[in-house]
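Architecture at a glance
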Amino acid sequence: MDIVIYLFEGITALDAVGPYEVLTRLPDARVRFVGDEVGLARTDNGALALACDVARRDVDRADVLLVPGGFGTRRLESDESVLEWIRAVDATTQTTMSVCTGSMVLAAAGLLRERPATTHWASLERLAEYGAVPTSERVVTSDKYVTAAGVSSGIDMALRYAARTAGEELAMTVQLGIEYDPDPPFDCGSVDTAPPEIVQAILGRFAERS
């Protein structure tokens, strides 16, 4: 199984690394990190760099394509060379996935038109600008397209994909292996439960970076 994870400047690290920890444990899986060029792609806070092992121009197919999110996706939404590459690879995939605002890039490429999809809650309504149907669920599946909400939801998405393709026992084994048993210290992981001042703080951060 050839799994391609697209890296770019301004990515959110966990969007890629969370699913990676699950997907690499699938039987016969080969995970490749693909970037605009071979080299490093810095995260949206600039503190970490992820290595792109393969350049986009050298990848024309995949069984699974995963587009992570991050503040850098705003630029990608209007980068026709990236959108064209995504459309070309998507034509060969069994599954095309996104995490967080990665779905905005899939939508900009025209792949989510009239499909239910999700993204980070602060960007959810923008999906409609590209003809997608905004859906406030943690993971949304529409035919071969799977979109996950913000950041940590990519782990949930990957575990669901593992269960669907390799069986629930394997997926549960992976979950235990990575000890994915969330026990957050605050009931603040959803816009529905977070205090209003916290919600506004996040919206302000997004506004500064957009």
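Right above here is the structure, for reference.
Cut-offs used in this document
- Residues numbered from 1 in each chain as written.
- Predicted model: local features only at pLDDT ≥ 70, side-chain atom pairs only at ≥ 80, totals over all residues.
- Heavy atoms only, no water.
- Salt bridge = Lys/Arg side-chain N within 4 Å of Asp/Glu carboxyl O.
- Buried < 20%, exposed > 50% of the residue type's maximum accessible area, 1.4 Å probe, protein only.
- Pairing = 2+ DSSP bridges.
- Helix = DSSP H or I, 4+ residues; strand = E, 2+ residues; numbered from the N terminus.
- Contact = heavy atoms within 4.5 Å.
- Axes fitted to C-alpha atoms, helices over the stretch in contact; angles between N-to-C directions.
- Core = buried A, V, L, I, M, F, W, Y, C linked by side-chain atoms within 4.5 Å.

With respect to the pattern of salt bridges
For the structure on display, the rule yields 13 salt bridges. When the shortest N-O distance is used, the salt bridge between D63 and R61 registers 3.3 Å. The exposure class assigned to D63 is buried, which follows from its relative accessible area of 15%. Residue D79 pairs with R75 through a salt bridge whose shortest N-O separation is 3.9 Å. Residue classification places D79 among the partly exposed positions, given a relative accessible area of 21%. The exposure class of R75 is partly exposed, given its relative accessible area of 38%. Through salt bridges with shared partners, a single network forms among D2, R30 and R32.

A few points about the sheet that holds strand 7 (residues 95–99)
If you walk across this open sheet you meet the seven strands as 5-2-1-6-7-11-10, and the pairing is mixed. The open sheet has two free edges, formed respectively by strand 5 (54–55) and strand 10 (139–142), since each of these has just one partner strand. For strand 10 and strand 11 (residues 145–148), the ladder comprises four bridges, and the chain directions are antiparallel. If you follow V139 over to strand 11, its bridge partner there is A148. In the packing of helix 5 (residues 153–166) onto the sheet, contacts are made with strand 6 (64–67), strand 7, strand 10 and strand 11, and the angle to strand 7 comes to roughly 160 degrees.

Some details on the nonpolar core
The biggest cluster of nonpolar side chains holds 58 residues, and the ones touching the most others in it are L7, L23, W85, I86 and M157. Sort the elements by how many residues they give to this core and helix 5 lands first, with six residues. Beyond its immediate stretch of four places on either side in the chain, M157 contacts L66, M97, S98, V99, V139, V146, T147 and A148.

So, to be careful, I would describe these as geometric facts and stop short of saying anything about function.
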